[in-house]
Amino acid sequence: TQLLEQSPQFLSIQEGENLTVYCNSSSVFSSLQWYRQEPGEGPVLLVTVVTGGEVKKLKRLTFQFGDARKDSSLHITAAQPGDTGLYLCAGADGGFKTIFGAGTRLFVKA
Amino acid sequence: EAQVTQNPRYLITVTGKKLTVTCSQNMNHEYMSWYRQDPGLGLRQIYYSMNVEVTDKGDVPEGYKVSRKEKRNFPLILESPSPNQTSLYFCASSLNSGHISSGANVLTFGAGSRLTVL
């Protein structure tokens, strides 16, 4: 069974700090996605990475896919209260099954 | 607006009383899926459907049924709900074919249905 482990599970930081969230697996994924979920809503896609070593930037968010396509990281620079939410990584197995990590709950204090 | 619509958004019911959570998407997506979200466990797949009349079990299918008679609809049926099915449920859809850069495998989620079984 493929598993995705996210760390940390919970993160509370001050506005302006930097942070990194990790998503790790022993399995290889054909692609990996990051979603953000806010209370009362469904997850919303932030980014998809498909190539080992790929780095994508979305404003203050930087996403990296590991060279072996088994892990990924999300780095947020100068976090803002609007970044507060649940961040989920999700891996596709090459078919159409998507496996989700348990999520990292981020709280950014003003 | 492209969206996935779930109903009801909130439901409190009692053990054994059959219920259906509806899901409809207006994006002509072939793939649809149901997930449940529980604290510390993330999103776990219940059932999915690759296209009309094609459904398959996910990781936690026990106690649930689904049907896919039309492309846009994918209802989740709990024939005899039990308290361990108390959870937050999400329906999602995506394109089935094409490269991921064109949107294949990218899930669009509904807003969720919070179910409590007493």
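Everything that follows concerns the structure shown earlier in this document.
Quick look at the structure, then. (Residues numbered from 1 in each chain as written. Chains lettered and ligands numbered in written order. Predicted model: local features only at pLDDT ≥ 70, side-chain atom pairs only at ≥ 80, totals over all residues. Heavy atoms only, no water.)

## Some remarks on the sheet that holds strand S1 (residues 4–7) of chain B
Residue and element names in this part refer to chain B. This is how it is decided: The pairing criterion is simple: DSSP has to find at least two bridges between the two strands. A run of H or I in DSSP becomes a helix once it reaches four residues, and a run of E becomes a strand once it reaches two; helices and strands are each numbered from the N terminus.
Reading across the sheet, the four strands line up as S1-S3-S8-S7 and stay open at both edges, with antiparallel pairing between neighbours. What marks the edges here is a single partner per strand, and that holds for S1 and strand S7 (65–66). For strand S3 (residues 19–25) and strand S8 (residues 76–78), the ladder comprises three bridges, and the chain directions are antiparallel. Note that in S8 the partner of Val 21 across the bridge is Leu 76.

## Some thoughts on the nonpolar core
Selection rule: By nonpolar core we mean a set of buried residues, namely Ala, Val, Leu, Ile, Met, Phe, Trp, Tyr and Cys, connected to one another through side-chain atoms within 4.5 Å. Relative accessible area decides the class of each residue, using a 1.4 Å probe on protein chains only: under 20% of the type maximum gives buried, over 50% gives exposed, and in between gives partly exposed. Any two residues whose heavy atoms approach within 4.5 Å at even a single point are treated as in contact.
Ranked by internal contacts, the top residues of the largest apolar core, which has 22 residues, are Ile13(A), Leu19(A), Leu32(A), Trp34(A), Leu74(A), Ile76(A) and Leu106(A). Those elements that place two or more of their residues in this core are strand S2 (10–14), strand S3 (19–24), strand S4 (31–37), strand S5 (44–49), strand S7 (61–65), strand S8 (71–76), strand S9 (85–92) and strand S11 (104–109) of chain A. In contact with Leu106(A), not counting residues within four places along its chain, are Leu11(A), Ile13(A), Leu19(A), Ile76(A), Asp83(A), Thr84(A), Gly85(A) and Tyr87(A). Judged by nonpolar contacts, the second largest core, of 19 residues, contains Tyr47(B), Val60(B), Leu76(B) and Leu115(B).

## Observations concerning the pairing of S3(A)
A regular strand places its side chains on the two faces of the sheet in alternate fashion. Residues and elements named next belong to chain A. Of the two faces of S3, the one holding Leu 19, Val 21 and Cys 23 is buried and the one holding Thr 20, Tyr 22 and Asn 24 is not buried anywhere. As paired strands, strand S1 (residues 5–7) and S3 are joined by three bridges and run antiparallel to one another. Counterpart to Ser 7 in the pairing with S3 is Tyr 22. Summarising the sheet, S3 and S8 pair through six bridges and their orientation is antiparallel. When the sheet's bridge partners are listed, Cys 23 is paired in S8 with Ser 72.

## As for the sheet that holds S1(A)
Residues and elements named next belong to chain A. Applicable threshold: Axes here mean lines fitted to C-alpha atoms, for a helix over just the part in contact, with angles spanning 0 to 180 degrees between N-to-C directions.
Spatially, the five strands line up as an open sheet ordered S1-S3-S8-S7-S6, and their pairing is antiparallel. Edge strands, defined here as strands with exactly one partner in the open sheet, are S1 and strand S6 (55–58). Strand after strand, the sheet turns through a mean of 15° between neighbouring axes, direction not considered. With four bridges joining them, S6 and S7 adopt antiparallel strand pairing. For Lys 57, the partnering residue across the bridge sits in S7 and is Thr 62.

## Considerations on unusual backbone geometry
Most peptide bonds take the trans form, and the phi angle of most residues other than glycine is negative. The linkage connecting Ser7(A) with the following residue, Pro8(A), adopts the cis geometry, with an omega of -10°. Mapped onto the elements of the fold, Pro8(A) is located in the loop between S1 and S2. Cis rather than trans, the peptide bond between Asn7(B) and Pro8(B) has omega equal to 0°. One non-glycine residue with positive phi stands out, namely Ala78(A), at about 50°. Structurally, Ala78(A) can be placed in the loop between S8 and S9. Taking the relative accessible area as the measure of exposure, Ala78(A) reaches 30% and is therefore partly exposed. Backbone geometry at Asn28(B) places phi at a positive 60°, although glycine is not the residue there. As for its placement among the helices and strands, Asn28(B) is situated in the loop between S3 and strand S4 (31–38). With a relative accessible area of 52%, Asn28(B) lands in the exposed category.

## Examining the interface of chain A and chain B
Stated formally: Computed with a 1.4 Å rolling probe, the buried area is the accessible surface lost when two parts are put together, summed over both parts. Just to be clear on terms, a salt bridge is a Lys or Arg side-chain nitrogen sitting within 4 Å of an Asp or Glu carboxyl oxygen. Distance and chemistry together define a polar contact, namely a pair of N or O atoms within 3.5 Å, with one atom able to donate a hydrogen and the other to accept it when in protein, and with adjacent residues in sequence counting only for side-chain atoms on both sides.
Residue-level contacts link 21 residues of chain A with 22 residues of chain B. Note on chain A versus chain B: buried area summed over both sides is about 1600 Å², and carbon and sulfur give 56% of it. Counting across the interface, chain A meets chain B through zero salt bridges. Remark: the boundary between chain A and chain B carries three residue pairs in polar contact (both at pLDDT 80 or more).

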